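# Observations on chain architecture
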Amino acid sequence: MPASKDHDARRAAQLGRQLRALPSIDRLLNSPELAGLVDEFGFEACKRAARDELAGLRTALRDGDPVVAARVESDDFPASVFAALQRRVRARFSASLRPAFNLSGVVVHTNLGRSILPPEALQAIAAAAANACNLEYDLATGQRGERDEHVEALLCELTGAEAATVVNNNAAAVLLMLNTLAAGREVLVSRGELVEIGGSFRMPEVMQAAHCILREVGTTNRTHRHDYASAIGENTALLLKVHTSNYAVRGFSKSVSGLDLGELARERGLPFCHDLGSGALVELERFGLPQTLTVAEALAEGAGLVSFSGDKLLGGPQAGIIAGSRELVERMRRNPLKRALRVDKITIAALVEVLKLYRDPQRLPERLPLLADLTRPAAEIRALGEALLEDVGEALGPGVEVSLVACQSQIGSGALPLEQLASSALRLAPAAAKGARDAALRRLARELRGLPRPVIGRIHDGCVLLDLRCLRDTQRFLAQLREAGRRCSGSGREAGIVEADSKAKAQQC
Ligand SMILES: *Cc1c(COP(=O)(O)O)cnc(C)c1O
């Protein structure tokens, strides 16, 4: 017999032996080692996991995977299958959406869920979710009510608007304004304000989705009042001003103020809408933060409608708020799109509680988590870092060098893109030989992301920076880090793995 045939026959015999060594699904599921798992997650789920696990093993054996072959032939088999099954079932049942530590240095981080809600809002959410409520029911008359009514008066009180409505997010708010006021007609926007917000919200595409015709005026760096004035024609329906949330045009630049646009719109009998993006309800300067146009100021400038997010500088739940003239708000309420974009009782419950806090602006930094984070004094963050430094170094072990450095946090989410807040960060430098530094760094970042409560930092200059501005639960943070440290200083078997880290480069708006 030729040598290759001989080899093939031996290989076939070996494969047959390995496949026969695999336990049957029944045997697996009836084994006492898995009784607890079946009890906890149910027979069907465990059976499915067992089928998948065994199929995976069979394929690997047929492909000649030496690691799996060695596993099957080891004394430890099938105990290793029990462990793999446990992991498989638990992974399938673990929630995908999990709380995380936002130590990225971007306070309002869209990819990390934006604002954290105050306890009052959490209680209101629980009560609304667990019970029937008068969402659209007028308790005085027993008649059908309007869900906006729960927030409208508060919004009017806080912004000076005549009327207000709430939809799913600010993108929806812009869509609703445009579609209601300008479907099939022209909307004038400055070329300097054709923003893209985080990839999917791009002004020209929103225009298209709203069935409006975008009419660009001016140039990228300079737009004048007469650019708008001369573009107004028969088919013009609306003047729109868009807050350039995530960039700034500097140098030889000019834009037309809301005041001037409001005046022009009045002269020509056109509505003027201002997409404010972040939507601060109070002057942030009073808290030592950078200046930004408030919703009340934008309305006072002459905007007929102002739209803004509920979860950016307002610090509330995801929502899009439109405040302004009663006539225009009523028109939007009659648009069938409003029904498609409306918010649920949970959002309304949370928003009402957050808005109520604004009635006492002085105490906002104590009561609204967003403002607590934004106004946290640099000295306090530094002191927190000093207090943590030794414990973190110890938790992460000798594989990671930990130091405390000054850094700059960003407000984030298209709010004041160029403004920075002085902060402090733990700088984690993985100890590794020269050629292996990149891999070690990625591994450390991955271990931090893989913790039960993922720790999201940012990579800077060959290190992981953990900005401490938004760190609250230091106990949990430390307890977890010990786990990451153990794994990083462990066998190092994975250290050579290079993974594309594009996902970790979180978008900032
Ligand atoms: C953020 C932003 C939006 C989108 O708001 P979402 O609440 O994220 O939907 C729209 N316009 C501007 C100017 C923004 O800054």
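The structure displayed is predicted, hence computed values, not measured ones. (Residues numbered from 1 in each chain as written. Predicted model: local features only at pLDDT ≥ 70, side-chain atom pairs only at ≥ 80, totals over all residues. Heavy atoms only, no water.)

### Overview of the state of the cysteines
- Here the structure, examined in full by the defined rule, presents zero disulfides.
- The thiol sulfur of Cys273 is not disulfide-bonded, and the nearest other cysteine sulfur, from Cys212, lies at 10 Å.
- According to the relative accessible area criterion, Cys273 is buried, its value standing at 0%. (Disulfide = S-S within 2.5 Å. Buried < 20%, exposed > 50% of the residue type's maximum accessible area, 1.4 Å probe, protein only.)

### Quick look at unusual backbone geometry
- Backbone torsion omega between Phe77 and Pro78 reads 5 degrees, so that peptide bond is classified as cis.
- Structurally, the position occupied by Pro78 is in the loop between helix 5 (66-73) and helix 6 (79-93).
- In this structure, Arg114 is a non-glycine residue whose phi angle is positive, near 55 degrees.
- Tracing the sequence through the fold places Arg114 in the loop between strand 1 (101-102) and helix 7 (119-130).
- A relative accessible area of 18% places Arg114 in the buried class.
- Phi is positive for His211, close to 65 degrees, though the residue is something other than glycine. (Helix = DSSP H or I, 4+ residues; strand = E, 2+ residues; numbered from the N terminus.)

### Points about helix 8 (residues 149-159)
- Listed as buried for helix 8 are Val151, Glu152, Leu154, Leu155, Cys156, Leu158 and Thr159.
- Where helix 8 is buried, its residues meet strand 2 (163-167), helix 13 (295-300), strand 10 (320-324), helix 14 (326-334) and helix 16 (345-357).
- Phi for Gly160, located one or two positions after helix 8, is positive at around 80 degrees. (Contact = heavy atoms within 4.5 Å.)

### What to know about the domain arrangement of the protein
- As far as domains go, the protein holds domain 1 (3-93), domain 2 (101-109 + 373-506) and domain 3 (119-130 + 141-367).
- The C-alpha centroid of domain 3 is placed 57 Å from the C-alpha centroid of domain 1. (Domains from an automatic or database assignment.)

### A look at the environment of His460
- You can see His460 is positioned in strand 14 (residues 458-460).
- His460 gets classed as partly exposed once you look at its relative accessible area, which sits at 47%.
- Here the alpha-carbon distance between His460 and Val405, two residues 55 residues apart in the chain, equals 12 Å.

### Some thoughts on the pattern of salt bridges
- One pass over the full model with this rule turns up 30 salt bridges.
- Here Arg114 and Asp311 are joined by a salt bridge, their closest N and O atoms 2.9 Å apart. Pair noted here: Arg114 is in the loop between strand 1 and helix 7 and Asp311 is in the loop between strand 9 (305-309) and strand 10, with a separation of 197 residues, a long-range link.
- Given a relative accessible area of 6%, Asp311 falls into the buried group.
- Of the charged contacts, one joins Glu196 and Arg202 as a salt bridge, the two residues approaching to 2.6 Å between their closest N and O atoms.
- The partly exposed category is assigned to Glu196, whose relative accessible area is 37%.
- Among the charged side chains, a network of salt bridges with common partners joins Asp148, Glu152, Arg326, Glu330, Arg333 and Lys338. (Salt bridge = Lys/Arg side-chain N within 4 Å of Asp/Glu carboxyl O.)

### A closer look at the sheet that holds strand 10
- A sheet is described by the order of its strands in space; here seven strands give the open sequence 2-10-9-8-7-3-6, paired in mixed fashion. Edge positions in the open sheet fall to strand 2 and strand 6 (213-217), since each of these has one partner strand only. Recorded for the sheet is a direction-independent mean angle of 25 degrees between the axes of neighbouring strands.
- Relative to strand 7 (residues 236-242), strand 3 (residues 186-190) runs parallel, the two sharing three bridges. (Pairing = 2+ DSSP bridges. Axes fitted to C-alpha atoms, helices over the stretch in contact; angles between N-to-C directions.)

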